[in-house]
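# What the coordinates show
The lines below spell out each chain.
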Amino acid sequence: MMKKFNFNAATKAVLGAGLLSLAISGCGSDGKDGEDGKPGTVGTPIGAVSHLDAKIQSASIDDAGFLTINFDLSDANGTAVFELAPSDIAAVSFGRVGTEDEVGSTDLEGKPRDIWLSYFNKDKGDDHYTGSSYFQGKNCETCLTDNGDGTYTLVLDKAIDTLEKYAYDADVTNGIYLGVKANNNAGDTLVDNSFFYWQPSSDTTQDKPKALIANETCQSCHRPGQDGALSMHGGKHVTLESCTFCHTDYNSYMKDEKDDAGTVVRSYEFDGSIKGMAHEIHSHSTFNGIYPQSASNCQTCHQADEGLAMADAWKADLDTATCMNCHNSPYAVPSWHWDSENNQIAESKQNCVSCHNDPNGGVRGAESGHYLKNDKAQAAMATVTFNSMSYSADTKTVTANMTVMAGDTKVTLAQIDPTPYKYGGFTSAIVFNGVVQDDFLVNYQKVGYGNFTEGTEGSINITIADGDFDVAKVMETEGVSVALSSQLHICFDGKGAVADCTLSEDGKVATNAGPYVPSDTAYFAVDGTMLDKSPRIQHAEMTACQQCHTTAIKHRFSNDMDGCASCHNGTRDKKGAGSSNLAYIVHSKHYVYDTDGSLFFKKTECQACHGDNGFSLSKIDPKAAPVAFGTTDAQRLSDTNEQLVVSPQTAACVSCHQAPYGLNDATAAHIQSNGGLLKEDGAPLTTLGVPASEYDMLNPAETCSTCHKDSQILEAHANWGSSH
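For every chain, the first residue of the written sequence is number 1, and numbering continues from 1 along that sequence. Restriction of local features to residues with pLDDT of at least 70 applies here, the model being predicted, together with a cutoff of 80 or more for giving and counting side-chain atom pairs; totals for whole chains, interfaces and linings are based on all residues. Based on all heavy atoms of the structure, the side-chain values leave hydrogens and waters out of the count.

## Some words on the packing of aromatic side chains
Where we set the bar: We call Phe, Tyr and Trp rings a pair once their centres come within 6.5 Å, taking the six-membered ring for Trp, and we label the pair stacked below 30 degrees between planes, edge-to-face above 60, and tilted otherwise. A ring has a charge above it when a Lys NZ or an Arg CZ is no more than 6 Å from the ring centre and no more than 35 degrees off the ring normal.
Counting across every chain of the model gives 21 aromatic pairs. An aromatic cluster of three or more residues is present, and its members are F94, Y119, F120, Y168, F196 and W198. Sitting above the plane of the F270 ring, K255 keeps its charged end 4.4 Å from the centroid. Over the face of the ring belonging to Y421 we find K446, whose NZ or CZ atom lies 4.0 Å from the ring centre.

Next comes the structure, spelled out in structure tokens:
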């Protein structure tokens, strides 16, 4: 039996020193310091980071067609990240640049396009195949080596397989897509898509091939981290570039269309290429209200960019499949192109680019058909410039002058739509208003074509008289800035050139008029001096809207927020019930679901439109003008009623927070106890506002921004009604 000994502290100290001395003397000493030990790992385990960046450093292919990848993994600060698991390798796709000839899809003989060819093809039967058989780390526990310092080696157990359609080629640009998807200790999902292009035969890195569209262009609408973000197939493919590795030009398969009972009613060949899917999805989404732009506006996505080698490739007129993605119904082609008996484009017309290859001797091709010889596109490129504004106090009349340009051509009065508007006034008009206290003074005033006359040097004069319009009220208000914007339609010849307007027999329709010409808001002082910027605080920039809307917004298009707000201002209610203020109208439209019922865009994503601080309540002066939310009798404003108005900071909040879901009695009481004017005592939450005549007497003194600071607003909205 082992004996137990008890030592006091002094005994332990003496014994410890003796043992240490014995250990040293037993080892011996040469009087020299030993070698430094191996330094500890500098880095962070993957569970402790909130961001990942993978960078492929090199790659090679062995004789059997197996790929090896060497890559680094770091966090947002560039610090090494270790402990990546094999299952965190969400996808590896691999391929090379080739030509249409290699897959037999060339439309113009002798002019095959460069296309991407995947080395991981999948057989879909009936001679259909795709490039979507990518590698996943979960299928190979031994493929990944963690070197412990933020570097990794991945050796795929998946060999090149092109289904014998084409061969591996080491002398051209090859490319790798590496998708990483992992979870940290906080339960957050971390995703990174990285890419590497090189020529294996020389082992030299190469530029990205087929650079048509930047990832950032797609992400201007499909914003990372928000609803509607690109996060396909389990949320791991989050960039356009990742899509192109699998959805190659030759991707096709049969698709069954089923009725509600699940019975197949139609089977058809589906174009699974990235361009085919993008055109199809965006074309259909235009009509169901998800995509806020015309799909025929190619440059929404195909933007000119010096950094993209093939940004203009959409103009080449070499690819029939691209045309067919949109022009695939009797509504999208001329009647003589359609074979109604077989419900398809006539066989003799199915090689679109054999004819549509302008300017190479054919009829309108992509650029001409969508832009150069397209009336709608040319209307969107036209401009309206306000040259001057003057006011006669004696006659209480404003005279303005504008020039309308379509390219280098001055548009004459005869080329502007002169027809009556179905709701009164004229189809073509300008909008006249004034700004004081950060808002417009009067309800929107359309000064129509009947007030236009020919000016000098091709310009157009506009006469605005008091009585017909609230001229004196605007011009004689202290501190006013005069605002002018346009709502014009110009006429075309059917091929993008400006022409005199032709009218229907009853004179009510200009049969050759285009859509609204974009407008810029011009500001003048009462003395006629032009102001160089808007006097209004800008809570959002139109450029944020144009990232998605480009040149298509309901019933007109403005190049600035003020062009919209000049009509949808705080003085305007919605026919007596509700607000027609810009904030209310915009917020009500930005809660969008896709065709599958999934949320695409939620209006609580404040920074998507408002930038860093445009949503800030501190930017709204509590002394700013109140906002109309209806009338006292819920009827149109007249001499027998008055408007119900809400104090400005409160109005910003209730432009979204409406009863019954976003506003309750407790919240209403909280607003009013902090100086906001929201509603009359006893009024239901569905009737917001106090009578305009009582507003000043009630002495609003809003203190909302004291507590509801920017960070608190963002936090309160961060996870509302969304998966993000």
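From this point, the narrative continues.
## Considering the state of the cysteines
Test applied: In this description, a disulfide is simply a cysteine sulfur pair whose atoms lie within 2.5 Å. Partly exposed describes any residue whose relative accessible area lies between the buried limit of under 20% and the exposed limit of over 50%, with all areas from a 1.4 Å probe on protein chains only and scaled to the type maximum. Put simply, DSSP marks the helices as runs of H or I at least four residues long and the strands as runs of E at least two long, and each gets a number from the N terminus on.
According to the stated counting rule, one finds 3 disulfides in the structure shown. One disulfide bridge connects C140 with C143, the sulfur atoms lying 1.9 Å from each other. The disulfide joining C140 to C143 has a torsion of about 85° about its S-S bond and is therefore right-handed. Residue C143 is classed as buried on the basis of its relative accessible area, which comes to 6%. Two residues share a disulfide in this structure: C491 and C501, whose sulfurs sit 2.0 Å from each other. Judged by the sign of its S-S torsion, about 95°, the bond between C491 and C501 is right-handed. Of this pair, C491 sits in strand β27 (residues 489-491) while C501 sits in the loop between β27 and β28 (513-516), and the two are 10 residues apart along the sequence. Residue C501 is classed as buried on the basis of its relative accessible area, which comes to 17%. For the unlinked cysteine C246, the closest cysteine sulfur is that of C243, found at 8.7 Å.

## Here's the deal with the pairing of strand β19 (residues 397-406)
Every other side chain in a regular strand lies on the same face of the sheet, so the side chains alternate between the two faces. Note the threshold: Note: two strands are recorded as paired if DSSP finds a minimum of 2 bridges between them.
Where burial is concerned, most of β19 is hidden: 9 out of the 10 residues are buried. Across 9 bridges, the pairing between strand β18 (residues 383-392) and β19 is antiparallel. Each residue of the ladder has a partner; that of S390, found in β19, is T399. From the end of β18 to the start of β19, which pair antiparallel, there are 4 residues, and K396 there has a positive phi angle of about 50°.

## Some points on the confidence of the model for the protein
In regions of low pLDDT, the predicted coordinates are not meant to be interpreted in detail. Rule in force here: As a per-residue measure, pLDDT tells how confident the predictor is, with possible values from 0 to 100. The contact definition used throughout considers only heavy atoms, calling two residues in contact when any of these lie within 4.5 Å.
For the protein, per-residue confidence averages 89 on the pLDDT scale, and 93% of positions sit at 70 or higher. Below a pLDDT of 50 lies the segment residues 1-28, which in the model reaches 1 contact outside its immediate sequence neighbourhood of four places, other chains included.

## Quick word on the side chain of S579
Selection rule: As used in this structure description, the phrase polar contact means that two N or O atoms lie within 3.5 Å; if the pair is within protein, one of them must be able to donate a hydrogen and the other to accept it, and residues adjacent in sequence are counted only when both atoms belong to side chains.
Mapped onto the secondary structure, S579 falls in the loop between α11 (561-565) and α12 (582-589). Within the local environment of S579, its side chain forms a polar contact with the backbone oxygen of A628, the two atoms lying 3.2 Å apart.

## Considerations on the sheet that holds strand β35 (residues 690-691)
What the 3 strands build is an open sheet, ordered β33-β34-β35; its pairing is antiparallel. Each edge of the sheet is formed by a strand with only one pairing partner; in this case those strands are β33 (627-631) and β35. As paired strands, strand β34 (residues 643-646) and β35 are joined by 2 bridges and run antiparallel to one another. Pairing of V645 across the sheet is with V690, part of β35.

## Looking at the environment of F245
With respect to the secondary-structure elements, F245 resides in helix α4 (residues 240-246). For the pair F245 and S118, spaced 127 residues apart in sequence, the C-alpha separation works out to 6.6 Å. Not counting the four nearest positions on each side in its chain, F245 is found in contact with S93, F94, W116, S118, G131, G175, I176, Y177, F195 and Y197.

## What to know about the sheet that holds strand β12 (residues 189-199)
With antiparallel pairing, 5 strands are arranged side by side in an open sheet as β6-β5-β11-β12-β13. Two strands in the sheet have a free side with no partner beyond their single neighbour: β6 (114-118) and β13 (204-205). Bridge count between β12 and β13: 2 bridges; the pairing is antiparallel. The residue of β13 that forms the bridge with Q199 is T204.

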